[in-house]
Structures are given as C-alpha cells and as structure tokens.
Amino acid sequence: MHMRTKALVLRETAYKESDKILTLLTQEAGKLTASARGCRKKGSAIAAGSQLLVWSDLVLYEYQGRWSVQEAAVEREFRGMRRDLVKLALGCYCGEVTELLAVEGVPNQGLLSLLLNALHALDKLDRPPALVKAAFELRALCLAGYGPLLDGCAVCGREPPEEPRFHLREGVLHCAPCRGEVGDGISMPVGEGTLAAMRHIVYGDPKRLYSFRLTGPALERLSAAAEAFAAAQLERGFRTLDFYKSLQPPEMPSK
C-alpha cells in the first residue's frame, strides 16, 4: 500500500548504519512511524526530507503494518529558525509537545497547523521566542481538551477579576480575595496585558495567533503562566524545554 502525504518530522532516531526511524505528523494519517532506509548515506534522495522539523511531500509504503519512506520532496526547511540555536531548540520543544498530544493514526489538522504556524513564526516573524512558546503551549492545550476558562472570576464572577490570578491545576481565573475558594494548588498573578494576551490566544482566530505584541514583565508573566499550566496539565517535563531554558541568559542579581 502506497500513500502520498505531506508530513513534518517530529522525531528522528539513527538506526543501523545508514537508516533512521522517523516519527511523522502527516496530513492524511496523523502521527505515524516510518523507516527511512539509507537516508544517512551520502547522496540519498530522501536525506533532506528525513531531517527533524522538515516539511515534505512524501511517498510512504506500507508492508506488514510497517511504513517506510520511498520518496521525499522538501517543501520547507525553516532555515531562518535553524540558524538560531535558541529558536531551533524552541522548535524542537514544540515538536516534542506535539508528539505527545498527537494520537497514532488519527488525523489532527488543527495540531498540525498549530505546529507549522509556530515554526513559521520562529522562522519569519519578528516575535520574541517567549511569545511564540506561550502562544503555542496555550493553544496546544486547548486543542487537546485542556483549555483554560478565562471569562472572569470562577468564584464570584467579577469581570475583570480583582487583582486577577490564574490557578494552574483548575485552569481558571479568580480574584485575589477569592483565592481560598478555588482549591489547593498554585495560582499565578496575571496583569491586564497578560490576561488580554491569554484571551487572544485561547479565544481568538487561530490564523491570527501571533498578531499581538507583548514585552517586558507582561510577557514574562505570560510565558511563566503558560509553561507552568502546561506542566501542571500534562504532568511531565520535556528534555527539549530544559535545553531551551539552558540557553537563556542568566538573570541579573537584584540590588
């Protein structure tokens, strides 16, 4: 059985002397595993399309329940992202999150589009990596069924909440004075600008996901809240996130 599909490489693992085992996110069949035989040989016709985070037009062949890459025509390599180690590390983190959330053999155009848009933002758009990261995290969680509720205080209904805080485990907003009514767990402060950005990400048009700008402390709060929320909901860490964070400049000591 042959299948022609566009796909993004989410993971690559060296195998034998010249092969790779690829985890792909395809348009037609969702996440699947395929072997790329001989792709590490010099001059291989499928070498470029078997690289991590490369978007290609593939011809796959299935035999006895196993897929292999027969042809690969690269459509986009996101070269601007690859020239920046911080952006490349962040792209790898987005890919690792996507691999976790995608279901084997189930098409998920929303998740595929989200990841491609994140890679495009890192490649071409003038946006801080922290903004791209936060937008991807929150939107990915929404697509996976973990979307937060950001319509006022979850306890008293006040809009906007008084000194708004975001509860990580419950995924809701609440007023600072209502903290005792939300339950155990961590709540993080979010200011007006941060809250507006979170609402844009969660409720806005996905095609305009990166159409906002945020800087300074407001962006720092957004980044911290999105990352902590993802960790609380997914209940696991990511080695690519650890690497990305290791590349960040150290904080200046306070005077």
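Note: the structure precedes this text.
Residues numbered from 1 in each chain as written. Predicted model: local features only at pLDDT ≥ 70, side-chain atom pairs only at ≥ 80, totals over all residues. Heavy atoms only, no water.

Colleague: Help me get a handle on the overall build of the chain, residues and values and all.
Modeller: The secondary structure content of the chain amounts to 7 helices and 8 strands. Expressed as a percentage of its 255 residues, the buried residues of the chain come to 48%. Sequence-distant contacts in the chain: of pairs separated by 6 or more residues, those separated by 24 or more amount to 58%. Carbon and sulfur atoms form 50% of the exposed surface of the chain, whose accessible area is close to 13200 Å². Seen as two clouds, the 33 positive and the 30 negative side-chain charges of the chain have centres 6 Å apart. (Helix = DSSP H or I, 4+ residues; strand = E, 2+ residues; numbered from the N terminus. Buried < 20%, exposed > 50% of the residue type's maximum accessible area, 1.4 Å probe, protein only. Contact = heavy atoms within 4.5 Å. Areas by Shrake-Rupley, 256 points an atom, 1.4 Å probe, with all protein chains shown as cover. Lys, Arg positive; Asp, Glu negative; His and termini not counted. Charge placed at Lys NZ, Arg CZ, Asp CG, Glu CD.)

Colleague: Which residues make up the pairing of strand β3 (residues 30-36), and what are the values?
Modeller: In terms of burial, β3 is a largely internal element, 6 of the 7 residues being buried. Taken together, the 7 bridges between strand β2 (residues 19-26) and β3 define a ladder with antiparallel strand orientation. Across the sheet, the residue bridging to T23 is T33, located in β3. Remark: 3 residues form the turn of the hairpin made by β2 and β3, two consecutive strands paired antiparallel. When β3 meets strand β5 (residues 66-76), the two strands line up parallel, connected through 2 bridges. Residue pairing in the sheet places A34 in a bridge with W67 of β5. (Pairing = 2+ DSSP bridges.)

Colleague: Requested: an account of unusual backbone geometry, with residues and values cited.
Modeller: Cis geometry is adopted by the peptide bond preceding P160, which originates at E159 and carries an omega value of 0 degrees. The phi dihedral of Q64 is positive, around 55 degrees, even though this residue is not glycine. Looking at where Q64 falls in the secondary structure, it is placed in the loop between β4 (55-63) and β5. Relative accessible area serves as the criterion here: at 67%, Q64 is assigned to the exposed category. The backbone of F78 sits at a positive phi, close to 55 degrees, despite the residue not being glycine. Here F78 lies in the loop between β5 and α1 (79-82).

Colleague: Break down the pattern of salt bridges for me, with residues and values.
Modeller: Close approach of charged atoms allows side chains of opposite charge to pair. Scanning the entire structure with this criterion turns up 13 salt bridges. With a shortest N-O distance of 3.0 Å, D57 and R4 are connected by a salt bridge. With D57 in strand β4 and R4 in strand β1 (residues 2-15), the pair connects residues that are 53 residues apart, well separated along the chain. E12 serves as the salt-bridge partner of K20, at 2.7 Å between the closest nitrogen and oxygen. Looking at K20, the relative accessible area reads 14%, which means it is buried. Within the structure, one salt-bridge network assembled from shared partners comprises K133, E137, E227 and K245. (Salt bridge = Lys/Arg side-chain N within 4 Å of Asp/Glu carboxyl O.)

Colleague: Report on helix α7 (residues 239-246), specifying residues and quantitative values.
Modeller: Among all positions in α7, only T240, L241 and Y244 are buried. Viewed end-on, α7 has its buried residues packed into an arc of 100 degrees, placing them on one side of the element. Residues R239, D242 and S246 are exposed on α7 and point more than 90 degrees away from its buried face. In the core, the buried residues of α7 are packed alongside α2 (85-101), α4 (129-143) and α6 (216-234). (Arc of directions from axis to C-beta.)

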